[in-house]
Amino acid sequence: MAGAALACAKKKAEAEGRVILFIDESAFYLLPGVRRTWAPVGQTPQLRCPLRYDHLSVISAIAPDGTFFLTMQKHAFNSQDVIAFLQGLLQAIEGKLLMIWDGAPIHRSKAIKQFLAHPVAKRILLERLPAYAPELNPDEGIWHYLKQVELANVCCKDLDELACKLDVAADNLGDKPDVIQACFHQCGYY
């Protein structure tokens, strides 16, 4: 059912010449994503890092052509932060947009609804993914790739260092549109 609804939205977007963007938020913690590694025989590899749950909040948008937009900050996203991200997308991309995101409470806030009703946002057509369906959002694959590949086994002493490493990882991903397109293929799109 959800696939049919998204296929309909895709056809409508293509007929209207809209750029399709999937949007999602995530968090990156100081605790490293530990992966297998090589070590000398008899010596257990150790990752030493502070045991803190500080994190960076991140929002991104990806397009089927491999285009990637990302914003990070040291505090949780609120409605105004999401609106600023949407405004940045409107400035960066010409033409009409189809934005597809999940039903997170922040996406349904009064401020977001007011922004979308404003003439500035008239180029945006918004579609919501079904509840509890992360497998339908290719942006989830971006988080997996950044955390499990680009930042695997990375230990950072503070959020500034994590932000620097995440910025480098995001730049690396931006240079790999095939990885972004693979996230779309994984979800059964394109």
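Everything below is about the structure printed above this text.
Cut-offs used in this document
Residues numbered from 1 in each chain as written. Predicted model: local features only at pLDDT ≥ 70, side-chain atom pairs only at ≥ 80, totals over all residues. Heavy atoms only, no water. Helix = DSSP H or I, 4+ residues; strand = E, 2+ residues; numbered from the N terminus. Buried < 20%, exposed > 50% of the residue type's maximum accessible area, 1.4 Å probe, protein only. Expected span 1.5 Å × (residues − 1). Arc of directions from axis to C-beta. Contact = heavy atoms within 4.5 Å.

A. Structural detail: the overall build of the protein chain. A count of helices and strands for the protein chain gives 6 helices and 5 strands. Ordered by position from the N terminus, the helices and strands of the protein chain form the series α-β-β-β-α-β-α-β-α-α-α. Seen along its three principal axes, the alpha-carbon backbone of the protein chain occupies a region of about 60 × 30 × 30 Å. Looking at the 190 residues of the protein chain, the share that counts as buried comes to 41%.

B. Region of the structure containing helix α4 (residues 139-150). With 12 residues, α4 ought to run about 16 Å at 1.5 Å a step, and its terminal C-alpha atoms sit 15 Å apart, in line with that. Among the residues making up α4, those that are buried are D139, I142, W143, Y145, L146 and E150. Down the axis of α4, the smallest arc covering the buried residues is 160°, so these residues share one side. Of the surrounding elements, those touching the buried residues of α4 are β1 (19-29), β2 (55-62), β3 (68-73), α5 (159-174) and α6 (177-186).

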